[in-house]
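Reading the structure
As a plain string of letters, each chain reads:
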Amino acid sequence: MENPQSTAQPAPKSTLEPAQTAIIVGALVEKNGKYLLVQEGKEKCRGKWSFPAGHLEPGETFFEGAAREVKEETGCDVELTGICQLGNHVSQQDVFALIMFTATTDGTKFSPLNHTEILDVKWFTYEEILAMRDQLRVQDLIIGAIDNARQGIVAPLNLVRIYHK
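Rules used throughout
- Residues numbered from 1 in each chain as written.
- Predicted model: local features only at pLDDT ≥ 70, side-chain atom pairs only at ≥ 80, totals over all residues.
- Heavy atoms only, no water.
- Helix = DSSP H or I, 4+ residues; strand = E, 2+ residues; numbered from the N terminus.
- Expected span 1.5 Å × (residues − 1).
- Buried < 20%, exposed > 50% of the residue type's maximum accessible area, 1.4 Å probe, protein only.
- Contact = heavy atoms within 4.5 Å.
- Phe/Tyr/Trp six-rings, centres within 6.5 Å; stacked < 30°, edge-to-face > 60°.
- Core = buried A, V, L, I, M, F, W, Y, C linked by side-chain atoms within 4.5 Å.

**Some points on helix 3 (residues 139-150)**
For helix 3, spanning 12 residues, the distance from its first C-alpha to its last is 16 Å, which sits close to the expected 16 Å at 1.5 Å a residue. Turning to helix 3, its buried residues are Leu 141, Ile 142, Ile 143, Gly 144, Ala 145, Ile 146 and Asn 148. Residues of helix 3 that are buried make contact with strand 1 (20-31), strand 2 (34-40), strand 3 (49-50), strand 5 (79-90), strand 6 (94-104) and helix 2 (126-131). One or two positions beyond helix 3, positive phi appears at Gly 152, with a value near 75°.

Encoded structure:
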């Protein structure tokens, strides 16, 4: 039987150098049937709601980066419980990959470390999130990750292997 992927044509090579390459890590934090979102303060996405997430930094594991981003943007410590979404933003100029974890927290008070980057932090029900689609930074990502988690489409953390040089 022929492998269906073997007949796929390779993507055309871009003649453009990537302007930016980034690995984004973040968490879908759930507590009592609600999901934690942050309201962005950065100019390019000001006022939009998203998961706490950001760039993986050199020397960090995916796990450390996701937990750090949640802490920086919400003030809450989290326990990562699984992987609910892998994303790949396709662009001719940029390379973006995203790893979204599921997480839980005991935190109830929010204190973002940078109030110019994060305007607000709130819990929302799934229905509230669906009703505010136009206020979400990346609708497909946010609703898709929640849908995956709600349907149990979550990979175990041990799927990720950490390699050291």
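Moving on, there is more to tell.
**Section: the packing of aromatic side chains**
One pass over the full model with this rule turns up 3 aromatic pairs. Here Phe 63 and Phe 101 contribute two aromatic rings whose centre-to-centre distance is 5.6 Å and whose plane-to-plane angle is 50°, an arrangement assigned as tilted. Here Phe 63, found in helix 1 (residues 62-74), pairs with Phe 101, found in strand 6; they are 38 residues apart in sequence, far enough to count as distant. The exposure class assigned to Phe 101 is buried, which follows from its relative accessible area of 0%.

**What about helix 1?**
For helix 1, spanning 13 residues, the distance from its first C-alpha to its last is 18 Å, which sits close to the expected 18 Å at 1.5 Å a residue. Along helix 1, the residues that are buried comprise Gly 65, Ala 66, Arg 68, Glu 69, Val 70, Glu 73 and Thr 74. Structurally, helix 1 contributes buried residues whose contacts are with strand 1, strand 2, strand 4 (53-55), strand 5, strand 6 and strand 7 (118-125). Note on helix 1: the residue one or two positions beyond its end, Gly 75, has a positive phi of about 85°.

**Focus: the nonpolar core**
Membership of the largest hydrophobic core comes to 21 residues, with the highest contact counts inside it found for Leu 37, Phe 51, Met 100, Ile 129, Leu 136 and Ile 146. Every element with two or more residues in this core is listed here: strand 1, strand 2, strand 6, helix 2 and helix 3. Counting residues in each nonpolar core, the second largest holds 16 residues, with Ala 27, Val 38, Leu 80 and Ile 99 among its members.

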